[in-house]
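Report on the structure
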Amino acid sequence: MVANNMTSLIVHEIMRVTGLSSSIADYIGFNGRYRPAMLICETVNICNNNCIVCAYSYMKRTKTTMSCDLFDKVLKSYSEMGGGCLSLTPVVGDVLLDKYLIDRIKIARKYENITSISFTTNAIMAGDLPVSSIKYITNNVNKIMISIYGIDQEEYKLMTRTDNYHKMVDGVNRILSSVEDCSKIELGFRLLKNRSDHDFDNWIINNLKSKNIKHHKVTKYANWNILDTSTKLPFDAEWLDNKFVIDHCLIPVIALQVFSNGDISYCPCDDYDRVPEFHLGNIVNMSLLDMCNSEKYHKLIDLNSAVPRYCRKCTFHMPMSSINEHKHALNDPVSFIGG
């Protein structure tokens, strides 16, 4: 009864704030209980870059790879709560460093309720993996986002603090030459320098021998609640404006975060170090559905209470009321949140 009341409260409050119809229950309800529309499962939290706009270097969590048994338990629990979209993008890290990635995809494909598999990668490792592995990975997922951290060596090195530029280009080419459907690939240019559309077109043609790859660019960056935004970024890049958040965030309503050790977090984008305020439990001891209908979850998402402390200075924050501009987020969370 508590779970039913909780679901009713959440749906009612979101409908009140957003003006959406009761069809919202189709996306965040399951047998009278509450669930998110997307699961983000971090199977590895190790990276081969150390970007100046990422919290990876601040992470205190143990660097580890999730076991396949634990992963299967996550997906079983997710499927039992209705399933939906699955992202394999780490909070911080790169998915292609997961030595069990092919096994993960095979496991995920066993569950009919998992409707799509996606991930974001920096592509560096793709050049080191066997061609057969890259072909299997790229042709058995639904969407791949590739982050390009600058389109020349100087920009890339300043952004990533590594010399992986040429490995990245080789990796992107390996992915593109292996995938049968290039429409599932999108490039995300993370830039320090302002660039024109002509610059991107030339880079893609000269480096990737292709003209028809979807892409977008970013030159403003979030603070991860820890990055020093008083220090100016190189060249033309900027920090997103600091703010004091007073509205609840839409993102946790859409997606839930699983860490590589099985811990579950309320926040799928900013909680890089598993803050206690967002910790809902561990999949070994509790199902995802029970965590999403727990008293702690209810308090975190209660639109009549103050926003969680950790949210208050987050520049990833997206107010709940913005769902009016992002109504597709409920039935297409991958496009809303990214791969």
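Residues numbered from 1 in each chain as written. Predicted model: local features only at pLDDT ≥ 70, side-chain atom pairs only at ≥ 80, totals over all residues. Heavy atoms only, no water.

Another point: the environment of Gly-84. The topology assignment puts Gly-84 in strand E4 (residues 84-87). As for Gly-84 and Ser-116, which are separated by 32 residues in sequence, their C-alpha atoms are 7.1 Å apart. In contact with Gly-84, not counting residues within four places along its chain, are Ala-37, Tyr-78, Asn-113, Ile-114, Thr-115 and Ser-116. (Helix = DSSP H or I, 4+ residues; strand = E, 2+ residues; numbered from the N terminus. Contact = heavy atoms within 4.5 Å.)

Here we take up the nonpolar core. In terms of nonpolar packing, the biggest core is built from 101 residues, with Leu-187 and Trp-203 touching the most fellow members. Contact partners of Trp-203, with chain neighbours within four places excluded, come to Ile-148, Ile-151, Tyr-165, Met-168, Val-169, Phe-189 and Leu-208. (Core = buried A, V, L, I, M, F, W, Y, C linked by side-chain atoms within 4.5 Å. Buried < 20%, exposed > 50% of the residue type's maximum accessible area, 1.4 Å probe, protein only.)

What follows deals with unusual backbone geometry. You will see that Arg-161, though not glycine, has its phi angle at about 60°, which is positive. Topologically, Arg-161 is positioned in the loop between helix H6 (153-160) and helix H7 (165-178). With relative accessibility at 46%, the residue Arg-161 sits in the partly exposed group. The phi torsion at Trp-224 lies on the positive side, around 55°, for a residue other than glycine.

Taken together, 9 strands build an open sheet; the order of strands is E8-E7-E6-E5-E4-E3-E11-E12-E13 and the sheet is mixed. The sheet is open, and its two borders are formed by strand E8 (214-218) and strand E13 (279-282), each paired with just one other strand. Mean inter-strand twist for the sheet, computed between neighbouring axes without regard to direction, equals 20°. By the bridge criterion, 3 bridges tie strand E12 (residues 263-265) to E13 in an arrangement that is antiparallel. Opposite Ser-265, over in E13, you have His-279 as the bridge partner. Sitting on the sheet, helix H8 (residues 197-208) touches strand E6 (143-148), strand E7 (185-190) and E8, and the angle it makes with E7 is about 120°. (Pairing = 2+ DSSP bridges. Axes fitted to C-alpha atoms, helices over the stretch in contact; angles between N-to-C directions.)

Under the defined criterion, the tally for this structure stands at 13 salt bridges. Two residues, Asp-152 and Arg-195, come together in a salt bridge whose shortest N-O distance is 3.0 Å. In this pair, Asp-152 sits in the loop between E6 and H6 while Arg-195 sits in the loop between E7 and H8, placing the two residues 43 residues apart along the sequence. The salt bridge involving Arg-274 is made with Asp-263; its shortest N-O contact spans 3.0 Å. Separated by 11 residues along the polypeptide, Arg-274 in the loop between E12 and E13 and Asp-263 in strand E12 bring together distant segments of the chain. Overall, the relative accessible area of 32% leaves Arg-274 in the partly exposed class. (Salt bridge = Lys/Arg side-chain N within 4 Å of Asp/Glu carboxyl O.)

The next thing to look at is the confidence of the model for the protein. Across the protein, the average pLDDT comes to 90, with 91% of residues at 70 or higher. In the predicted structure, residues 1-6 sits below a pLDDT of 50 and forms 11 contacts with residues beyond four places in sequence or in another chain. (pLDDT = per-residue confidence, 0-100.)

This brings us to the packing of helix H4 (residues 101-108) against helix H5 (residues 131-139). At a minimum axis distance of 10 Å, the contact between H4 and H5 shows a crossing angle of 30°. Where H4 crosses over H5, the handedness of that crossing is left-handed. The residues of H5 that touch H4, namely those facing Leu-101, Ile-102, Ile-105 and Lys-106, are Ser-133, Tyr-136 and Ile-137. Here the contact of H4 with H5 is composed, by residue class, of 5 nonpolar, 1 polar and 1 charged. (Left-handed = near helix turned anticlockwise from the far one by under 90°. Nonpolar A, V, L, I, M, F, W, Y, C, P; charged D, E, K, R; others polar.)

We now examine the packing of aromatic side chains. Counting across every chain of the model gives 8 aromatic pairs. Where Phe-189 meets Trp-203, the ring centres are 5.6 Å apart and the plane angle is 90°; that geometry is what we call edge-to-face. One end of the pair, Phe-189, is in strand E7; the other, Trp-203, is in helix H8, and 14 residues separate them in sequence. The exposure class assigned to Phe-189 is buried, which follows from its relative accessible area of 0%. Relative to Phe-278, the ring of Tyr-266 has its centre 5.5 Å away and its plane inclined at 45°; by these criteria the two rings are tilted. Of the two residues, Tyr-266 sits in the loop between E12 and E13 while Phe-278 sits in the loop between E12 and E13, which places them 12 residues apart along the sequence. The pair Tyr-266 / Phe-278 is uniform in exposure class, with both members buried. In textbook terms, an aromatic cluster arises when at least three aromatic residues are bridged by ring pairs, as seen for Tyr-266, Phe-278, Tyr-297 and Tyr-310. Taking NZ or CZ as reference, Lys-106 lies 5.5 Å from the ring centre of Tyr-136, over its face. (Phe/Tyr/Trp six-rings, centres within 6.5 Å; stacked < 30°, edge-to-face > 60°. Lys NZ or Arg CZ within 6 Å of the ring centre and 35° of its normal.)

With respect to the element layout, Asn-194 can be found in the loop between E7 and H8. On a C-alpha basis, the gap between Asn-194 and His-248 in space is 33 Å, while along the polypeptide they are 54 residues apart. Leave out the neighbours within four places in its chain, and Asn-194 touches Thr-219 and Asp-236.

Our next topic: the pairing of E6. The side chains of a regular strand alternate between the sheet's two faces. The element E6 is extensively covered by neighbouring structure, given that 6 of its 6 residues are classed as buried. Alternating residues of E6 divide into Lys-143, Met-145 and Ser-147 and Ile-144, Ile-146 and Ile-148, and every residue in both groups is buried. One ladder, built from 4 bridges, connects strand E5 (residues 114-121) with E6; its direction is parallel. In the sheet register, Thr-120 faces E6, and the bridge partner there is Met-145. Between the parallel elements E5 and E6, the chain passes through H5 in a crossover that is right-handed. Bridge count between E6 and E7: 5 bridges; the pairing is parallel. Looking at the pairing, Ile-144 lines up with Ile-185 of E7. (Right-handed = clockwise from strand over helix to strand, strands pointing away.)

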